[in-house]
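Residue-level structure breakdown
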Amino acid sequence: MKTKPSKPTMTIWPLFCAAGCLIASLYICGCSPEQTAEAGQVVAKINKYKLTQGEYQAKLARELEYDREYKCTAAARKDFLDRLIRQEVLIQEAVNRNLDKAPEFMAAIEKYWEATLIKNLMAAKMEEIRQTTLVSEGEIKARYQELKTGKENMPPLNRVEKKIADILKEEKQTAEMEQWVSRLKKEAKIKVFEKRL
């Protein structure tokens, strides 16, 4: 079993997105900024667990982010709270039965953690690559000539220039990402015991 994983480092962009969603949900749901000062107040107590207003608003913001058609009416907020309470009751019962210590559960958590960590790493690296990827006018013209070969009805360059630039940029970014992963693998100390496979 691996040691307890630390939380993945987030890039600044997801933090802005999360903050934006939270602020949006506060306004959509009729909450003023002054009310956020009460974020530590308890919205509901489920046995020993206390759901604070801040936690509730954060969960609601995520719900709004995932479900664009979610209408944040008073009835919908109450229904959402009921779902959170139901979820917490079930979690507490699962913990009481020690299901959180079951090998299958631990394996599932580890798999999810690894997948999320890799996803966040790849997203952060891709953002770095995007910020430094450039496509020259010469590259665009050269690709246009390639595409134009054998095609009589090819649109003029000024109509397809942006599309070609986007394709070239995406190709460069993908190639650079692959090179980066290959470099990490090459620089790592790896020893394979093939007889044990």
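The rules we used
Residues numbered from 1 in each chain as written. Predicted model: local features only at pLDDT ≥ 70, side-chain atom pairs only at ≥ 80, totals over all residues. Heavy atoms only, no water. Patch = residues over 30% accessible without salt bridge, like charges linked within 9 Å, V, L, I, M, F, W, Y side chains within 5 Å. Areas by Shrake-Rupley, 256 points an atom, 1.4 Å probe, with all protein chains shown as cover. Salt bridge = Lys/Arg side-chain N within 4 Å of Asp/Glu carboxyl O. Helix = DSSP H or I, 4+ residues; strand = E, 2+ residues; numbered from the N terminus. Buried < 20%, exposed > 50% of the residue type's maximum accessible area, 1.4 Å probe, protein only. Phe/Tyr/Trp six-rings, centres within 6.5 Å; stacked < 30°, edge-to-face > 60°. Lys NZ or Arg CZ within 6 Å of the ring centre and 35° of its normal. Core = buried A, V, L, I, M, F, W, Y, C linked by side-chain atoms within 4.5 Å. Contact = heavy atoms within 4.5 Å. Expected span 1.5 Å × (residues − 1). Bend = angle between axes of the 7 residues up to and from the residue. pLDDT = per-residue confidence, 0-100.

On the surface, a cluster of nonpolar side chains totalling about 240 Å² of accessible area is made up of Phe105, Met106 and Ile109. Note that phenylalanine 105 resides in helix α4 (residues 103-132). When its relative accessible area of 38% is taken as the criterion, phenylalanine 105 is described as partly exposed.

All chains considered together, the criterion is met by 1 aromatic pair. Judged by centre distance (5.9 Å) and plane angle (55°), the rings of tyrosine 56 and phenylalanine 80 are tilted. Taken together, the residues span a long stretch of sequence, with tyrosine 56 in helix α2 (residues 53-66) and phenylalanine 80 in helix α3 (residues 74-96) at a distance of 24 residues. By the burial criterion, tyrosine 56 is buried, and phenylalanine 80 matches it. Seen from the ring of phenylalanine 193, arginine 196 lies directly overhead, with NZ or CZ sitting 4.4 Å from the centre.

Here we come to the nonpolar core. Membership of the largest hydrophobic core is limited to 12 residues, which are Ala44, Ile46, Leu51, Tyr56, Leu60, Leu64, Tyr70, Cys72, Ala76, Phe80, Leu81 and Leu84. Sorting the residues of this core by element identifies β1 (42-46), α2 and α3 as the ones contributing at least two each. Considering every element that reaches this core, the biggest residue donor is α3, with 4 residues. Leave out the neighbours within four places in its chain, and leucine 84 touches Leu51, Tyr56 and Lys59.

Moving on: the pattern of salt bridges. Under the definition given, this model contains 12 salt bridges. Put simply, glutamate 139 and lysine 172 hold a salt bridge, and the shortest N to O gap is 3.0 Å. With a gap of 33 residues between them, glutamate 139 in helix α5 (residues 137-148) and lysine 172 in helix α6 (residues 157-187) connect regions that are remote in the sequence. Overall, glutamate 139 belongs to the partly exposed group, its relative accessible area being 30%. Each of Glu63, Asp79 and Arg83 takes part in one network of salt bridges that share partners.

A few words on α6. In a regular helix each residue adds 1.5 Å, so 31 residues correspond to 45 Å; α6 covers 43 Å between its end C-alpha atoms and thus fits that length. The largest bend along α6 measures about 25° and falls at lysine 163. Among all positions in α6, only Val160, Ile164, Ala165, Leu168, Gln173, Met177 and Trp180 are buried. Buried residues belonging to α6 abut α4 and α5.

Moving on: the confidence of the model for the chain. Parts of the prediction with low pLDDT should not have their coordinates interpreted in detail. Residue-level pLDDT values for the chain average 83, and 80% of them are 70 or greater. Under a pLDDT of 50 for its full length, residues 1-37 has, in the predicted model, 29 contacts with residues more than four places off or in other chains.

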